[in-house]
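Structure assessment
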Amino acid sequence: MGALWMLAAGFLFGCMGVLVKLGAGQFSSAELVFYRSAFGLLFVLPLLRSNGLTTPHWRGHLWRGLSGTVAMMLFFYCITTLPLATAITLNYTSSLFLTGLTLLAFRDKLHWPLTATLLLGFAGIVLLLHPTLERDQLIPGLLGLLSGLLAGFALFNVRQLGVLGEPAARVVFYFNLTATLFTAVWLLLDRELHAPTLATLPLLLGLGASATFAQLAMTRAYRLGATAVVSVLAYSTIAFAALFGMWLWDETLPLSGWAGMALIISSGVIALRLTPKH
C-alpha cells in the first residue's frame, strides 16, 4: 500500500507540474503559488476535524512554510521556463541538500560512502545543467537548484515536525496558510493579481487539489510503506513529468541530460539510506 500511495503522489505531483505550465500564460509564478495554496486550504480544512489547529510548534511550521513557499515560487518559475522533467529534477535535489543539513544539524561525520554519493549527485547536476540548458536557460536552471536547497530546508522542518508528533493534515494546512499569506502580501506590493475566470477556475482548482492530495498521499506512503522502497518511488514524479512533457510539449533531452537525471535520482535515493537516523 505504501508503494501504491507513493506512485499516486508521483502522478499527482506530475499533474501539478502540467497545470503550472498550462497556467503560466495567464498567471505569474507568485499568483500560481497563491491560488495553489489558497485552494489547497479548502481541500485540507475538512481533514482537520480530528486533529484541530492548536499547536505548540508554531516556529517549526513558520520556518517550514517560509522556506517551502520561496522554494515553490522558484520551482513554479522554473517549470514555466524549462522542460518539465528538468525543472522537477532540479527541485528534487532537495534530498541531497537534506542529507547535508542533517549532517550539519546533528554534527555527524561525513564518511566516504556518503561523500561519494553526494559528489555523484552534484556531478549529475553539472551534467543536467551544462549541456542541457541553453545560455538563456542557465539562470532559471540555477534558480531551480536554489529551489532544491530551500526545499531541503523545508523537508528538514517537516521531518522534525513529524518527530514532534504533528499530524500530516496540520503540517499541510499551516504550509498552505503561510504560502497563501506570504504570496498575498507579495502580490499586493507588486500590484499584480489576475482574478480567476470561468475558463481558468478549473485549472486553479485542479492545481490546489493535485498538490494537496499529492502531499497527503506522500505522507501516507511514508507512514505505511518501507522507507527504502517509498524513497525510490518518490522519484516517479520525474518519470511522469518526462512523459507529460514529451506528450504535451514534445520536450526532449540529450543523452547527457538523461544521464544527469539518472545520477541525481540514484544519489538521492542512496543518500537518504546512508544519512544517519535521528
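Per chain, residues are indexed from 1 in the order of the written sequence. Two thresholds apply to this predicted model, a pLDDT of at least 70 for residue-level local features and 80 or more for giving and counting side-chain atom pairs, whereas whole-chain, interface and lining totals are computed over all residues. Derived side-chain values reflect all non-hydrogen atoms in the structure, with water molecules and hydrogen atoms excluded from consideration.

**A look at the pattern of salt bridges**
Think of it this way: side chains of opposite charge can pair up when their charged atoms draw near. As a reminder, the rule being used: What makes a salt bridge here is a side-chain nitrogen of Lys or Arg within 4 Å of a carboxyl oxygen of Asp or Glu, nothing more. The buried label applies to any residue whose accessible area, calculated with a 1.4 Å probe on protein chains only, is under 20% of its type's maximum; exposed applies above 50%, and partly exposed to all values in between.
In total, this model carries two salt bridges according to the counting rule given. Measuring nitrogen to oxygen at the nearest pair gives 2.8 Å for the salt bridge that ties Arg170 to Glu166. Residue Arg170 is classed as buried on the basis of its relative accessible area of 9%. Classification of Glu166 as buried rests on a relative accessible area of 8%.

**Focus: a nonpolar patch on the surface**
Note the following rule: Here a patch means residues that are over 30% exposed by relative accessible area and free of salt bridges, tied together within 9 Å if like-charged and within 5 Å if nonpolar (Val, Leu, Ile, Met, Phe, Trp, Tyr). Per-residue and other accessible areas follow the Shrake-Rupley method at a 1.4 Å probe size, with only the shown protein chains counted as cover for residues. Helix and strand definitions follow DSSP, with helices as H or I runs of at least four residues and strands as E runs of at least two, each counted in order from the N terminus.
Side chains of Met1, Leu4, Trp5, Leu7 and Leu224 sit close together on the surface and give an oily, nonpolar patch of about 510 Å² of accessible area. For the nonpolar patch, the element with the highest residue contribution is helix H1 (residues 2–23), accounting for three residues. Positionally, Leu224 belongs in helix H9 (residues 201–224).

**Section: the confidence of the model for the protein**
The condition is simple: Think of pLDDT as the predictor's per-residue confidence, scored from 0 to 100.
Summary statistics for the protein give a mean pLDDT of 86 and a share of 94% for residues scoring 70 or more. Per-element confidence in the protein is highest for helix H3 (residues 58–81), whose mean pLDDT is 93, and lowest for helix H10 (residues 227–233), whose mean pLDDT is 69.

**Let's talk about the nonpolar core**
For the record, the criterion: We define the nonpolar core as a collection of buried residues of types Ala, Val, Leu, Ile, Met, Phe, Trp, Tyr and Cys that are connected through side-chain atoms lying within 4.5 Å of one another. Any pair of residues with heavy atoms lying within 4.5 Å of one another is described as a contacting pair.
Membership of the largest hydrophobic core comes to 59 residues, with the highest contact counts inside it found for Met16, Leu32, Phe76, Ile79, Leu84, Ile88 and Leu204. Top contributing element to this core by residue count: H1, with eight residues. In this structure Ile88 touches Phe75, Thr237, Ile238 and Ala241, once residues within four positions along its chain are discounted. Formed by eight residues, the second largest nonpolar core is a distinct cluster that contains Val44, Phe173, Tyr174 and Leu216.

**Let's talk about the environment of Thr69**
To keep it simple, the criterion reads: Polar contacts, as counted here, are pairs of nitrogen or oxygen atoms within 3.5 Å of one another; within protein the pair requires one atom able to donate a hydrogen and one able to accept it, and residues that are adjacent in sequence qualify only if both atoms are side-chain atoms.
The residue Thr69 is located in helix H3 in this model. For Thr69 and Ser147, which are 78 residues apart along the polypeptide, the C-alpha to C-alpha distance reads 9.6 Å. Discounting residues that sit within four places of it in the chain, Thr69 has contacts with Val33, Phe175, Thr178, Ala179, Phe182 and Thr183. Among the polar contacts made by the side chain of Thr69, one reaches the main-chain carbonyl oxygen of Gly65 at a distance of 2.5 Å.

**What to know about helix H11 (residues 236–249)**
Which entries qualify depends on this criterion: How far a helix is expected to stretch is found by multiplying one less than its residue total by 1.5 Å.
With 14 residues, H11 should reach 20 Å at 1.5 Å per residue; the first-to-last C-alpha distance of 19 Å fits that figure. Along H11, the residues that are buried comprise Ser236, Thr237, Ile238, Ala241, Ala242, Phe244 and Gly245. The positive-phi residue at the C-terminal boundary of H11 is Asp250, with phi of around 55°.

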